[in-house]
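So the chains spell out like this:
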Amino acid sequence: MTYRSKYTGRYSGIGAMLSRPWLQAKCVSAAERGKAIAEARSPRETGEYSRSFVVVPITKNVPFRGKPRRRASARLMNTSDHARIVEYGSGRTPRYAILSKTLDDLKAAHLA
């Protein structure tokens, strides 16, 4: 004889959970792990680029059933003036793609 769970989730409860401060802290800690990886991957000519990574806690509007809902999140970004050139490259600078490779590393670590 097999037993089945009779649990049915409430969307309002799940939505409330996704905007709680403890989930925001988890998002920030995941972004901090990404920050460490990005700093290690960064080119070190002057060191300014690697010192310019910051983690910012944010709330995002995520649509659910046609209505935007506030969800906890965090953003890893680089505030250096030349961050776009380092990430995407230019005629004289090669494409390093630090943040793209960092995201790939985080996904691989999660799957392992």
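We now turn to the structure provided with this report. Nothing here was measured: the structure is a model prediction, and the numbers come from that model. (Residues numbered from 1 in each chain as written. Predicted model: local features only at pLDDT ≥ 70, side-chain atom pairs only at ≥ 80, totals over all residues. Heavy atoms only, no water.)

1. Points about the overall build of the protein
Piece 1. A count of helical and extended segments in the protein gives 5 helices and 2 strands.
Piece 2. Ordered by position from the N terminus, the helices and strands of the protein form the series α-α-α-β-β-α-α.
Piece 3. Whereas a compact globule of 112 residues would reach a radius of gyration of roughly 13 Å, the protein reaches 19 Å, over 25% beyond that.
Piece 4. Its C-alpha atoms give the protein principal-axis dimensions of roughly 65 × 35 × 25 Å.
Piece 5. Within the protein, the fraction of its 112 residues that count as buried is 24%.
Piece 6. When contacts within the protein are restricted to residue pairs at least 6 apart in sequence, those whose partners lie at least 24 apart make up 52%.
Piece 7. As displayed, the protein offers around 8600 Å² of accessible surface, 55% of which is attributable to carbon and sulfur atoms. (Helix = DSSP H or I, 4+ residues; strand = E, 2+ residues; numbered from the N terminus. Rg over C-alpha atoms; globule rule 2.2 N^0.38 Å. Buried < 20%, exposed > 50% of the residue type's maximum accessible area, 1.4 Å probe, protein only. Contact = heavy atoms within 4.5 Å. Areas by Shrake-Rupley, 256 points an atom, 1.4 Å probe, with all protein chains shown as cover.)

2. Quick word on the pairing of strand 1 (residues 53–64)
Piece 1. Summarising the sheet, strand 1 and strand 2 (residues 67–78) pair through 12 bridges and their orientation is antiparallel. Along strand 2, the bridge assignment pairs lysine 60 with arginine 71.
Piece 2. Counting the residues between successive antiparallel strands, the hairpin from strand 1 to strand 2 contains 2 residues, one of them, arginine 65, with a positive phi of roughly 55°. (Pairing = 2+ DSSP bridges.)

3. Notes on the nonpolar core
Piece 1. Counting residues in hydrophobic clusters, the biggest one holds 6 residues: Ala38, Tyr49, Phe53, Ala83, Val86 and Ile98.
Piece 2. In this view, tyrosine 49 contacts Ser42, Pro43, Asn78, Ser80, His82, Ala83, Val86, Glu87 and Ile98; residues no more than four positions away in its chain are not counted. (Core = buried A, V, L, I, M, F, W, Y, C linked by side-chain atoms within 4.5 Å.)

4. Focus on the packing of aromatic side chains
Piece 1. Scanning the model with the defined rule gives 1 aromatic pair in all.
Piece 2. Taking the centre distance of 5.2 Å and the plane angle of 75° together, the rings of tyrosine 49 and phenylalanine 53 count as edge-to-face. Taken individually, tyrosine 49 and phenylalanine 53 each receive the classification buried, so the pair is uniform in this respect. (Phe/Tyr/Trp six-rings, centres within 6.5 Å; stacked < 30°, edge-to-face > 60°.)

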